[in-house]
Amino acid sequence: MAAELHNVVGGTRVAGRRTFEKLDPVDGSLVAHVHEAGPDVVDAAVAAARAALDGPWGRASVAERTALLRRIADRIEERFEDFVAAEVRDTGKPEHLARELDVARAATNFRSFADTVAAAGLDSFLTELPNGRKALNYAVPKPLGVVAVIVPWNLPLLLLTWKVAPALACGNAVVVKPSEETPSTATLLAEVIAEAGAPAGVYNVVHGFGPDSAGEYLTTHRDIDGVTFTGESRTGSAIMRAVAPSVRPVSFELGGKNAAVVFADCDLEKTLDGLARSVFLNTGQVCLCTERVYVERSVFDAVANGLAERAKALRLGRPDAPDTTTGPLISQQHRKKVQSYLDLAVAEGATVLAGGSVPELGPDLAGGSWIEPTLWTGLDNSARVVREEVFGPVAALIPFDTEDDAVRLANDTDYGLAAAVWTTDLERGHRVAQQMRVGMAWVNTWYLRDLRSPFGGVGLSGIGREGGLHSMHFYTQPTNVCVQL
Ligand SMILES: NC(=O)c1ccc[n+]([C@@H]2O[C@H](COP(=O)([O-])OP(=O)(O)OC[C@H]3O[C@@H](n4cnc5c(N)ncnc54)[C@H](O)[C@@H]3O)[C@@H](O)[C@H]2O)c1
Ligand SMILES: N/C(=C\C=C\C=O)C(=O)O
């Protein structure tokens, strides 16, 4: 039975100007009818957020705000299986992945930012003046205000709560525009935030698309105070243009074309396992996924063969099947994009080491957006599939001879989000990681997270950082008070 997902404005369900269909990526079946918010509904959502700020929420203490975040985390855990079911319905990802990553991190995100805000002090200085007198400077952090939160479909709940948690912890009110591909968990979160006792209007949801739809209506709205966005780099450009007339602050977590650098002295089996996870996790639909693998020439064949073995061992199947390791891509449209890159790679001279086409999974999955985990050799940095983000289970393997070659090749990109370095020589690990022109570099691991550390990218990969105090810097506007003593 298909669900009906409404917009949520000021704590109430609001119908849209029309509905659109959300299909299951596993088999193409109908998941939900989703109400698309027109300009009137987006306007009402922004007004509801503003009203919340002008009401008790705007006067809530740090203790009250952080207590609310902890109740939200508790309530997510009480409704854990509801969130798993909703996330899996929208994305088709394996149930164990939705449990271990997406939903678990949602509760952790709320607790992590409750801790951060509760522990945060004030910027203050006792100023000594040339005339022997003193002054006191202290900065009072105030909420940014009404924050537009626009998020993608790959880790829907994780990335949504990664923004909503610090936004609420800092006293803001939010209008969320989830991806049209993954409307379910953002809507369920509205129930949970209300159940946890948040005043109406603190958290609002408007469904729809980008251009000429809820996304654009929100970013061009005259009464928002900032935009936090995660998604494609070109969408970031569009949103930057949308907010330019109002000069509102933006926080951008954008695309990537992440490199792994594998040295001959790496621990081969551990590296192959870590590398395979970094290429194929979530069917390669993670912004941090490795799509370029640079391998020291003497171990190139061993790494290529080992990675191909792991790619071929992946089990594509239904989310609830116990042996499923890999789900479908998010949609037929996205599969068409990934398939076009599979074809392009061959046209650019690639040798297909593994995968390369649409798998035969039987009639009941034929309507899904499945693709084979794919590896290429025989390409270089000039190939489009080595320069452009595919955002699927693909990687190109390219040999290098010297450490300097490896750094040059890895940094030869317009993106700059993440990198991974695999070597048992830790001095080299530190040295090479620090030379990566990225926001995050891992050594002998990948996607190991401390939520207090800065998360973000350079170049086409984004503007600003999220995580711990870095998020607070975006979600607050300080007023510095200077008192002559
Ligand atoms: N850096 C990160 O932390 C990070 C995390 C996850 C995904 N991503 C990136 O996101 C992309 C995949 O996600 P996607 O396909 O949903 O991205 P997308 O840019 O197509 O869409 C992201 C969100 O923006 C909305 N949107 C689209 N056009 C808009 C516009 N003109 N105005 C306002 N809103 C608009 C969409 O409806 C969706 O909610 C990949 O490039 C991936 O690298 C980055
Ligand atoms: N922002 C985070 C992950 C982003 C994943 C991108 O797809 C995180 O783990 O905090």
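The shown structure was predicted, so the numbers you read here are calculated from the model rather than taken from an experiment. (Residues numbered from 1 in each chain as written. Chains lettered and ligands numbered in written order. Predicted model: local features only at pLDDT ≥ 70, side-chain atom pairs only at ≥ 80, totals over all residues. Heavy atoms only, no water.)

## Thoughts on the overall build of the protein
- Of regular secondary structure, the protein possesses 15 helices and 21 strands.
- For 485 residues, the compact-globule estimate of 2.2 N^0.38 gives 23 Å, and the C-alpha radius of gyration of the protein, at 23 Å, lies within 12% of that figure.
- Reported as C-alpha extents along the three principal axes, the dimensions of the protein are approximately 70 × 70 × 40 Å.
- Scored against the burial criterion, the 485 residues of the protein give a buried share of 57%.
- Sequence-distant contacts in the protein: of pairs separated by 6 or more residues, those separated by 24 or more amount to 74%.
- Of the roughly 19300 Å² of accessible surface on the protein, a fraction of 53% belongs to carbon and sulfur atoms.
- Here the protein carries 46 positive and 60 negative side-chain charges, and the mean point of each set is 5 Å from the other. (Helix = DSSP H or I, 4+ residues; strand = E, 2+ residues; numbered from the N terminus. Rg over C-alpha atoms; globule rule 2.2 N^0.38 Å. Buried < 20%, exposed > 50% of the residue type's maximum accessible area, 1.4 Å probe, protein only. Contact = heavy atoms within 4.5 Å. Areas by Shrake-Rupley, 256 points an atom, 1.4 Å probe, with all protein chains shown as cover. Lys, Arg positive; Asp, Glu negative; His and termini not counted. Charge placed at Lys NZ, Arg CZ, Asp CG, Glu CD.)

## Structural notes on the sheet that holds strand β1 (residues 3-5)
- Ordered in space as β1-β5-β4, the three strands form an open sheet in which the pairing is mixed. Each edge of the sheet is formed by a strand with only one pairing partner; in this case those strands are β1 and β4 (18-23). Mean inter-strand twist for the sheet, computed between neighbouring axes without regard to direction, equals 25°.
- As defined by bridge partners, β4 adjoins strand β5 (residues 30-36) across six bridges and the pair is classed as antiparallel. Residue K22 lies in a different strand from β5, and its bridge partner there is A32. (Pairing = 2+ DSSP bridges. Axes fitted to C-alpha atoms, helices over the stretch in contact; angles between N-to-C directions.)

## Section: the pattern of salt bridges
- Summed over all chains, the structure comprises 34 salt bridges.
- The shortest N-O distance in the salt bridge between K257 and E291 comes to 2.6 Å. Of this pair, K257 sits in the loop between β12 (250-253) and β13 (258-262) while E291 sits in strand β14 (residues 290-296), and the two are 34 residues apart along the sequence.
- With relative accessibility at 2%, the residue K257 sits in the buried group.
- Members of the salt-bridge network, linked through shared partners, are R75, E78, R79, D82, E191 and E195. (Salt bridge = Lys/Arg side-chain N within 4 Å of Asp/Glu carboxyl O.)

## Some remarks on the UniProt feature "domain: Aldehyde dehydrogenase" (unreviewed entry) in the protein
- The sites that UniProt annotates as "domain: Aldehyde dehydrogenase" (unreviewed entry) are residues 18-480.
- For residues 18-480, helix accounts for 40% and strand for 20%, while the C-alpha atoms at its two ends are 47 Å apart. (UniProt positions renumbered as here; feature names shortened; annotations may be inferred.)

## With respect to the UniProt feature "active site" (unreviewed entry) in the protein
- Here the UniProt feature "active site" (unreviewed entry) sits at E253.
- Residue placement: E253 occurs in strand β12.
- Overall, the relative accessible area of 5% leaves E253 in the buried class.
- The contacts of E253, once residues within four sequence positions are left out, are K163, F229, T230, G231, L417, F455, G456, G457, S461, G464, R465 and E466.

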